[in-house]
Amino acid sequence: MLRTALRTVLAHKARLSMTVLAVCLGVAFVSGTLVFAESSAAAYRAAVSQDFADVALTVTPKNPPPASPASTPSAPGLDDTLVRRLAGVPGVAAVRPSADGSATLAAEDGTPLGSGHRWSKQAGAYVPGPDGKDRRHPLVEGRAPVGGDELVVDRRTAAAGGFRIGDTVVLATDGPVLRKRLVGIVDTRDARVRAGGTLALFDRATAQQLFASPGRYTAIDLSAAPGTDPVDLARRVGALLPADRAEVATGAAQAAQQATLTDTLTRGHTKLPMVFAGVSLFIGSFLIVNTFTMLVTRRTREIALLRAIGASRRQVVRSVLLEAALTGLVASAAGFVLGLGIAAVLPRLLSTEGNPLPDGPLVIGPDAVLAALGVGVGVTLLAAWLPARRAARIAPVEALRAAGQGPSRARTRIRGAAGAALLALGAGLLVRLTGAKDASEAHLQEALLGCALLGAALILLAPLLAGPVIRLAGRLTARFGIAGRLARDNALRDPRRTAATASALMISTALVAGLAVVGHSTAQALDRQAAAGLGAEYVIRTGDSNEGIDPAAVERVAGTAGVRGVHAVADASLFVGGGGRRISGVDPATVGSVMELDFVSGSVKDLGPGRIALSETLARELGVGTGGRTNGRIGTGQEFTPYTVVGVYRDNPTAQDALGLRAEVQQHGFLPGSVQRVLVRTDGGTVSPAVQQRLRAAVGGNPLLAVQDRGQIVREAAGTVGDLLTLMYGLLCVGVAVAALGIVNTLAMSVSERTREIGVLRALGMDRAGVRRTVLLESVLISAFGTLLGLAGGLFGAWAVGSLASGAVGQYALAVPWGTLLLVCVLSPAVGAAAAAVPARRAAALGPLEAVAKA
């Protein structure tokens, strides 16, 4: 049986090639993603290890100082006296004190540089050694900073910001805007910077003033002399540290912590390729099932003969599964090689100017190799198990009488009943979710289960639906004459084969249609919601800093040319009903000019000390209306106080959860007396780059402040939808590619099976163009059938889960992207026609006598 399996694979290598390609594509995504992930992690670890290679211990304060030295004393005990004492500890080779913090730099156009995370916007002191050079930050251009008005940056930051030696760099820590002259560019191995962050370095005194206090440090790194025991050194150093004020950690522990952080934040790079791999393998499984089913059907007499000469059913099953294993092994090997190419390309595709990935060699670990073999062989074996069982049921006498018998009516009825039951169960679960209004984990799991059951039902019912759907579509192909009618009859000849071929396209179309509808609906909801209630043309707001906007900056904005009016808003936390909310402190007399407030009851004019207005949602949760009272606390420095509700307004993201008097909110907010937003009205409602540039100049070009118009607010809120659209189009490409392989494979084998029939048609007068047209129209019919079922399933699923989306995204409403769906409807039959080109050309090339002879 082993020799039989080997001969069978070699005899049908051309027909199995499409199966190999489909599995190869999925294996390539899996192995390539794993190699890419391991290579990136190794590059990060190498960079971090080099960065901490000369650090044996690091001394840090137990209570790290805040970024602003003006608030509380910083780093008690970490001073020059401690540095000198640590330098005298036996076993310490060198001491490197540092004053580190965070600084946001502005690019040439005023926009902030960096990935958005404060931890990645590194800043600190340039610490020269005895030779005058900082080994951790070697200079590649210019010189080190020597005064309070100078700084150096790393070369990635310089490239991203367009900085050159001598330029004035605008930056901010947690306070006023600073302007420093760039005097040097350094290199760095800091993994946070290599992962998309920025680095700015100052002279020691300036860094201490910005991030600690004069004469103080935020950390002290110690290098060990050769042969020094790290444990003994840590014990000796710990004995010198101020009690309860400082602690010591090893350099290895810090390197591991930083590597873990960067690995966590860059782990998302592997998710998208893994999704493509899963879709490719899932859709490819239909191709495998179809291929082995057709091979078993063609070899019915051969299998019957094996049974007649003594082969058992178990041997037949093992023979077919061995063929599948060999096919999967070849596909795994080819996919792994292709995956190495994907792993080499992914860093270039996923890297951006602001978020580059580290460079490094490919790391091929055992996980990637085992995954390639396991996925390729495993998926192929699982998909071939049903055809193998079907082959084992062939009885010698029945098979020798007739080949290619269709399924019994009993099996067809069982399949139909199972499909109908799954359809009812899946549709019932999804319909039940239409009443849910929250995207809880339980509801999401129920939605996934319902979609899975719906997909399984469509797969089971596809052979039963193929007849009526293709007969209906066949009315259109009948207009092409005898070729169109033959195409319809050929598609109806074996509904199971037609359904199996169309299922791959059906699944990919359902995924794309569902994601397209949800993505389009979400984007429109975010468009309506992001700037809802905003009556101003521009919003100036603080970014990831808790610092407020300078009152002088608010006055400068009000005096900017083209500005008609400004309204300052103080934001703070509001603790009511056992949870935290957001309250906006406004001026009741003028807020109506910049916020579109729709009050259900009460009025904004009634705001005052101890009087607040609530959004509809918050009022409903608290069970209170206009005239009622509720206990609450603004910020963290106030006791719970009874507040009178003077109004209830429709939910409004600009107004947030509650409205209060600005003076009262400022008193207890993030920073007493500050404001966090400035809403700007312009003359004639003008929105232009010139106006925005003047507003940015009015706030001093502070990179901690965002100056945005309505459109920019909407685009920022809809950023995650772009990822969804990328996923959607990627799934479409992967699904269509695998489905095309299935169509090519099915039609090629179908043409081979109908060689005698094609010869008879040619003998009766059908020309080559007619034969080619017949095969092409058959492919279009199969593609249209799969597309129609996929659209129906995807649209139904998107409609059913829409209520969950409305719970997560306010103002969500179902919106059908007709353009995208029309593109899918046109693209799928076009791909089917393109996939049929080679089988159609092969069929048309057969002459009448040649076809009869080959048959």
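Refer to the preceding data block for the structure.
Residues numbered from 1 in each chain as written. Predicted model: local features only at pLDDT ≥ 70, side-chain atom pairs only at ≥ 80, totals over all residues. Heavy atoms only, no water.

**Things to note about empty space enclosed by the protein**
Okay, so step 1: In the structure shown here, the tally under the stated rule is three cavities of 30 Å³ or more.
Okay, so step 2: Roughly 70 Å³ of volume is contained in the largest cavity.
Okay, so step 3: The wall of the largest cavity is formed by Asn-490, Arg-754, Glu-757, Ile-758, Leu-761, Met-766, Val-771, Thr-774 and Val-775.
Okay, so step 4: Elements that contribute at least two residues to the lining of the largest cavity include exactly α24 (755-763) and α25 (768-800).
Okay, so step 5: Across the lining of the largest cavity, the residue classes break down as five nonpolar, two polar and two charged. (1 Å grid on protein atoms, 1.4 Å probe; cavity = no way out; pocket = protein on both sides within 12 Å on 5 of 7 lines; lining within 4 Å. Points joined across faces, edges and corners; volume = space filled by probe spheres on them. Helix = DSSP H or I, 4+ residues; strand = E, 2+ residues; numbered from the N terminus. Nonpolar A, V, L, I, M, F, W, Y, C, P; charged D, E, K, R; others polar.)

**Topic: the pattern of salt bridges**
Okay, so step 1: Scanning the entire structure with this criterion turns up 14 salt bridges.
Okay, so step 2: Note that Asp-221 is salt-bridged to Arg-136, the shortest N-O span being 3.0 Å. Taken together, the residues Asp-221 in strand β11 (residues 219-224) and Arg-136 in the loop between β5 (121-125) and β6 (139-142) connect sequence positions 85 residues apart.
Okay, so step 3: Asp-221 sits in the buried class, given a relative accessible area of 6%.
Okay, so step 4: Asp-571 serves as the salt-bridge partner of Arg-677, at 3.0 Å between the closest nitrogen and oxygen. With Arg-677 in strand β21 (residues 677-682) and Asp-571 in strand β14 (residues 563-576), this pair connects stretches of sequence that are 106 residues apart.
Okay, so step 5: Among the charged side chains, a salt-bridge network with shared partners connects Arg-143, Glu-150 and Arg-181. (Salt bridge = Lys/Arg side-chain N within 4 Å of Asp/Glu carboxyl O. Buried < 20%, exposed > 50% of the residue type's maximum accessible area, 1.4 Å probe, protein only.)

**Some thoughts on unusual backbone geometry**
What is expected of a backbone is that most residues other than glycine have negative phi and most peptide bonds are trans.
Okay, so step 1: Non-glycine residue Gln-656 carries a positive phi angle of around 70°.
Okay, so step 2: Note on placement: Gln-656 falls in the loop between β19 (641-649) and β20 (658-661).

**With respect to helix α21 (residues 689-698)**
Okay, so step 1: Looking only at α21, the buried set comprises Val-691, Gln-692, Leu-695, Arg-696 and Ala-698. For α21, the angular spread of the buried residues around the axis is 155°, confining them to a single face. Seen from the buried face of α21, the exposed residues on the opposite side, beyond 90 degrees, are Pro-689 and Ala-697.
Okay, so step 2: Just past α21, the residue Gly-700 takes up positive phi, approximately 75°. (Arc of directions from axis to C-beta.)

**What about the pairing of β21?**
Okay, so step 1: Of all six residues making up β21, six are buried, and the element is well covered by its neighbours.
Okay, so step 2: Going residue by residue along β21, you find Arg-677, Leu-679 and Arg-681 tucked away on one face and Val-678, Val-680 and Thr-682 tucked away on the opposite face as well.

**Describing the nonpolar core**
Okay, so step 1: Formed by 33 residues in total, the largest nonpolar core has its most connected members in Ile-540, Ile-549, Ile-583, Leu-614, Val-680 and Leu-695.
Okay, so step 2: Here this core gets six residues from one element, more than from any other, and that element is β14.
Okay, so step 3: When sequence neighbours within four positions are dropped, the list of residues in contact with Ile-549 reads Ile-540, Arg-541, Thr-542, Val-554, Val-675, Gln-676, Arg-677, Val-678 and Leu-705.
Okay, so step 4: If you look at the next biggest cluster of nonpolar residues, it comprises 30 residues, including Leu-16, Phe-36, Val-317 and Phe-336. (Core = buried A, V, L, I, M, F, W, Y, C linked by side-chain atoms within 4.5 Å. Contact = heavy atoms within 4.5 Å.)

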